[in-house]
Amino acid sequence: MTPELTALTLAALLQVIQFALYAIPANMELTPGYTMSARDREPSRALSERTARLGRAFDNHFQGLILFAIAAIVIHTTGQSGTFTALCAWVYLIARIAYIPAYAYGWTPARSFIWFAGFLATFFMLLAALI
């Protein structure tokens, strides 16, 4: 397996971990009665600030994961894996790991810089695939 696909697999597992980091406190705060319902109405209480942030970080990773998956798969299937693309893949993964506490604890502007590092790493992988 190429380093890019390894990083992609780990990023997908990170998404599973992020789901748990968000879902467990959300279920405790909103109660299973609401979270297991059809959710045809708004919850009777709001999520705590940190839990809501964990939910937004979870959603944000889905968005970044789509582009990263495209980059990793294109690099792998075209046989262009190399030191540069592997480094980009690991930068993406490390940035996504760091993004969770940065978002959860409201580290501004660090959160935006961390997000941008992951986005830039993905962008560079896509460019590398074209060169």
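What counts and what doesn't
Residues numbered from 1 in each chain as written. Predicted model: local features only at pLDDT ≥ 70, side-chain atom pairs only at ≥ 80, totals over all residues. Heavy atoms only, no water. Helix = DSSP H or I, 4+ residues; strand = E, 2+ residues; numbered from the N terminus. Buried < 20%, exposed > 50% of the residue type's maximum accessible area, 1.4 Å probe, protein only. Contact = heavy atoms within 4.5 Å. Areas by Shrake-Rupley, 256 points an atom, 1.4 Å probe, with all protein chains shown as cover. Lys, Arg positive; Asp, Glu negative; His and termini not counted. Charge placed at Lys NZ, Arg CZ, Asp CG, Glu CD. Core = buried A, V, L, I, M, F, W, Y, C linked by side-chain atoms within 4.5 Å.

Caption draft 1: Structural detail: the overall build of the protein chain. The helix and strand tally for the protein chain stands at five helices and zero strands. Helices (α) and strands (β) of the protein chain occur, in sequence order from the N terminus, as α-α-α-α-α. With the C-alpha coordinates of the protein chain rotated into their principal frame, the extents come out at 55 × 30 × 20 Å. Taking all 131 residues of the protein chain together, the buried fraction comes to 38%. The contacts in the protein chain between residues at least 6 apart in sequence include a share of 78% that link residues at least 24 apart. Of the roughly 7,700 Å² of accessible surface on the protein chain, a fraction of 71% belongs to carbon and sulfur atoms. Taken together, the 8 basic and 6 acidic charged side chains of the protein chain have centroids lying 6 Å from each other.

Caption draft 2: Focus on the nonpolar core. By size, the foremost hydrophobic cluster in this structure holds 21 residues, and its most contacted members are Leu8, Leu65, Phe68, Tyr92 and Met125. Looking at this core, the elements that each hand over two or more residues are α1 (3-30), α3 (49-77), α4 (83-104) and α5 (110-130). It is α3 that contributes the most residues to this core, seven residues altogether. Here Tyr92 is in contact with Ala11, His61, Gly64, Leu65, Phe68, Gly118, Ala121 and Thr122, once residues within four sequence places are set aside.

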